[in-house]
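What the coordinates show
Here are the chains, one letter per residue:
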Amino acid sequence: MSVTENEVLDARGMNCPLPVLKTKKTIDGMTKGQILKVIATDPGSVNDMDSWARRTGNEIVDREENDGEFVYFIKKK
């Protein structure tokens, strides 16, 4: 799937709960329908991002894992 992001959040090196907190702060400043690309290295971010997206109604439209990096494409509700 090819997704074009509107903003990129580099959360590499951050541990729980920072990737989710930074994601929330960034998404809050975006417009409905825009896509945020989040790059994280914390394996816990997989469950954290899923839970956060379900709770907030934002949609993870795509995800990738490459060499210990977890990449999420999140559409703002």
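In what follows, the accompanying structure is described. (Residues numbered from 1 in each chain as written. Predicted model: local features only at pLDDT ≥ 70, side-chain atom pairs only at ≥ 80, totals over all residues. Heavy atoms only, no water.)

**Details of the overall build of the chain**
Threshold: Each helix is a run of H or I in the DSSP string that is no shorter than four residues. Each strand is a run of E no shorter than two, and both are numbered from the N terminus. In this setup the radius of gyration rests on C-alpha atoms only. A globule is expected at 2.2 Å times the number of residues raised to 0.38.
Assigned secondary structure in the chain consists of two helices and four strands. For the chain, the N- to C-terminal ordering of α and β elements is β-α-β-α-β-β. A globule of 77 residues ought to have a C-alpha radius of gyration of about 11 Å, and the chain, at 11 Å, matches this closely. Oriented by its inertia axes, the alpha-carbon framework of the chain measures out at about 30 × 25 × 20 Å.

**Overview of the environment of V8**
Quick reminder of the rule: Residue exposure (1.4 Å probe, protein chains only): buried if accessible area is under 20% of the type maximum, exposed if over 50%, otherwise partly exposed. Residues are treated as being in contact if the distance between any of their heavy atoms lies within 4.5 Å.
Within the secondary structure layout, V8 lies in strand β1 (residues 7-11). Relative accessible area serves as the criterion here: at 48%, V8 is assigned to the partly exposed category. Distance from V8 to K37, taken between C-alpha atoms, is 4.7 Å for residues 29 residues apart in sequence. When sequence neighbours within four positions are dropped, the list of residues in contact with V8 reads L36, K37 and I39.

**Quick look at the pattern of salt bridges**
Note the cut-off: In what follows, salt bridge is the name for a side-chain nitrogen of Lys or Arg lying within 4 Å of a carboxyl oxygen of Asp or Glu.
A full pass over the atoms with the stated rule returns four salt bridges. Residue E69 pairs with R12 through a salt bridge whose shortest N-O separation is 3.2 Å. On the criterion of sequence distance, the pair formed by E69 in strand β4 (residues 69-75) and R12 in the loop between β1 and α1 (18-28) is long-range, its members being 57 residues apart. Residue classification places E69 among the partly exposed residues on the basis of a relative accessible area of 24%. Notably, a salt bridge pairs D50 with R63, separated by 2.6 Å at the nearest N-O pair. With D50 in helix α2 (residues 45-56) and R63 in strand β3 (residues 59-66), this residue pair connects regions lying 13 residues apart in the sequence. Exposure remark for R63: the relative accessible area of 37% places this residue in the partly exposed category. Salt bridges linked by common partners bring D10, R12 and E69 together as one network.

**So, the pairing of strand β2 (residues 35-40)**
Note the cut-off: In short, DSSP must find at least two bridges between two strands for them to pair. Handedness of a crossover is defined as follows: with both strands directed away from the viewer, a clockwise route from the first strand across the helix to the second makes it right-handed.
Taken across its six residues, β2 has five buried, putting it largely inside the fold. Pairing between β1 and β2: five bridges, direction parallel. The partner of L9 across the bridge, within β2, is V38. What joins β1 to β2 is α1, and the crossover it makes is right-handed.

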